[in-house]
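The primary structure of each chain is shown beneath.
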Amino acid sequence: MDKFMHFVEDKMSPIADKLGEQRHLSAMQKGFMTVLPLIFVGAVFMVIANPPVTADMVKSGGVWSIFSGWFNFATKYKMAILVPYNMSMGLLALAVTFVIADNLATSYSMKGITNGLTALVVFLLVAAPANYLALADGTTPLLMNCTYLGAQGLFTAIIVALLTVEITRFCEIHNITIRLPEICPPALTNSFRTIVPMVINVSIFYILSLLSSNYLGMSIPALIEKVLATPVAAVNSVPGSIFLCAFMLLLWCCGVHGQMVTMALTAPITTAAFTANAALVAKGQAPIFHPIFMTLG
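Described in the following lines is the structure provided in the data block.

**Thoughts on helix 5 (residues 68–81)**
Okay, step 1: Relative to the 20 Å expected for 14 residues at 1.5 Å per residue, helix 5 spans just 17 Å between its end C-alpha atoms, considerably shorter than the ideal helical length.
Okay, step 2: The sharpest bend along helix 5 measures roughly 55 degrees and falls at T75.
Okay, step 3: Within helix 5 the residues assigned to the buried category are F71, A74, K78 and I81.

What follows is the structure, encoded as structure tokens:
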């Protein structure tokens, strides 16, 4: 046992430390910790809209009758109660895109807010492009598909956030920017410096989105979802959960915070599972992901 512990300390600890310090994983970790309040807010209104009783239980009387007022209120105003949920957990991918890009850019000593906005624009471009649709009444409203703005778009949000910052960093390192004279105000100079990197980011991802839609018959988020379906299914299982738990405990034995190291990898999956369950409950359907798996996030 002593030999095994020495092996773990000598071989695993350095790897765990490097994983914990890796800037991209760290940005993801901080990003998901930042959006936790959004998840909690959405969960509060989800609970209010879905009391822990059914109509039959309330009718049976007894102790369940104490929930009758709550049940009747939630049944009557459910759609109104769920509006804060839709505006928090329903837009989770948007928030994740911004905060991960912000954190990664800050780690490079770049402008966090500017990079966050760039990532946000690019994410909307590939995940929810707005299009005009002619209706029978003669109007042509501008519509946006919100399918991937929530949990389903988390992996796209992560990829877009990381890549847009790296593209912007490449442009800044190689001076592919608009440079104004030094007499110009710093705020104006910084604004113009972001124009070219933002145009490049938007152009690259828009071209990729068009290619994916026209030649593969699916959007970029759908493509990412398809590619990651197998590894996500492997992790989102009892054996996968047991392996992750064992790995986290092993890291703890090395003196490393196991959950903090693995959070960047597990949080997208567990958060997507949690919000998928919430969406099903909001529709009056049964959740599909086991609560034990959700604790790994």
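Here the narrative resumes.
**A short note on the packing of aromatic side chains**
Okay, step 1: One pass over the structure, following the stated rule, counts three aromatic pairs.
Okay, step 2: Each ring, one from F67 and one from W70, has its centre 6.1 Å from the other, and the planes form 45 degrees; the classification is tilted.
Okay, step 3: Ring centres of F73 and Y77 lie 5.3 Å apart, and the angle between their planes is 50 degrees; this geometry places the pair in the tilted category. Of this pair, F73 and Y77 both sit in helix 5, separated by four residues, roughly a single helical turn.
Okay, step 4: The exposure class assigned to Y77 is partly exposed, which follows from its relative accessible area of 38%.
Okay, step 5: An aromatic cluster of three or more residues is present, and its members are W64, F67 and W70.

**Brief notes about the pattern of salt bridges**
Okay, step 1: Within this structure, the stated rule accounts for one salt bridge.
Okay, step 2: R169 serves as the salt-bridge partner of E166, at 3.9 Å between the closest nitrogen and oxygen. A residue pair is termed a helical-turn pair when its members lie 3 or 4 positions apart in one helix, as E166 and R169 do in helix 9 (residues 154–173) at three residues.
Okay, step 3: Judged by relative accessible area, which is 23%, E166 ranks as partly exposed.
Okay, step 4: In this structure R169 comes out as partly exposed when scored by relative accessible area, which is 29%.

Reading the values: rules and limits
Residues numbered from 1 in each chain as written. Predicted model: local features only at pLDDT ≥ 70, side-chain atom pairs only at ≥ 80, totals over all residues. Heavy atoms only, no water. Helix = DSSP H or I, 4+ residues; strand = E, 2+ residues; numbered from the N terminus. Expected span 1.5 Å × (residues − 1). Bend = angle between axes of the 7 residues up to and from the residue. Buried < 20%, exposed > 50% of the residue type's maximum accessible area, 1.4 Å probe, protein only. Phe/Tyr/Trp six-rings, centres within 6.5 Å; stacked < 30°, edge-to-face > 60°. Salt bridge = Lys/Arg side-chain N within 4 Å of Asp/Glu carboxyl O.

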